[in-house]
Amino acid sequence: NKYKENYKQNMKGHYEDSGFDKKTIHAMKVRKLASDISYKQGHESKKTEQGEYNYPATQTPGYQSQKKLDPLKDKNYRQHIDQVKYSAVTDTPEIIQARKNAQLISN
């Protein structure tokens, strides 16, 4: 306790800043106000230059290109073998000959 009292008497408030005077506070408010005004003017001028676009996000070119790439995504590419739809390969003459050769070699 005596250390705490010693701290309160000697050190507390010693390193704290003394605050701002009225002129400094006024200057800070003026700077903030001027900054806000210039920001809003720049924003308004950009809005008039570019125009306001208001259309659904699903019609943007980026969204459309992402939709076209959906079939190629990893999720669709890496499916379990039971879920893959495939058609049987027709027996071409080369496959028939290869099957006959495999039977001859195995005998």
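Residues numbered from 1 in each chain as written. Predicted model: local features only at pLDDT ≥ 70, side-chain atom pairs only at ≥ 80, totals over all residues. Heavy atoms only, no water.

### What about the overall build of the protein?
Summing up its helical and strand segments, the protein has 5 helices and 0 strands in all. When its helices and strands are written in sequence order, the protein yields α-α-α-α-α. Within the protein, the proportion of its 107 residues that are buried is 0%. (Helix = DSSP H or I, 4+ residues; strand = E, 2+ residues; numbered from the N terminus. Buried < 20%, exposed > 50% of the residue type's maximum accessible area, 1.4 Å probe, protein only.)

### A word on the pattern of salt bridges
Per the counting criterion, the structure on display carries 3 salt bridges. Notably, a salt bridge pairs Asp36 with Lys32, separated by 3.5 Å at the nearest N-O pair. Note that Asp36 and Lys32 are positioned in helix H2 (residues 22–50) at a spacing of 4 residues, about one turn of the helix. A relative accessible area of 53% places Lys32 in the exposed class. Here Asp91 ties to Arg99 by a salt bridge, and the two come within 3.5 Å at their closest N and O atoms. Residue Asp91 is classed as partly exposed on the basis of its relative accessible area, which comes to 47%. Judged by relative accessible area, Arg99 falls into the partly exposed class, the value being 43%. (Salt bridge = Lys/Arg side-chain N within 4 Å of Asp/Glu carboxyl O.)

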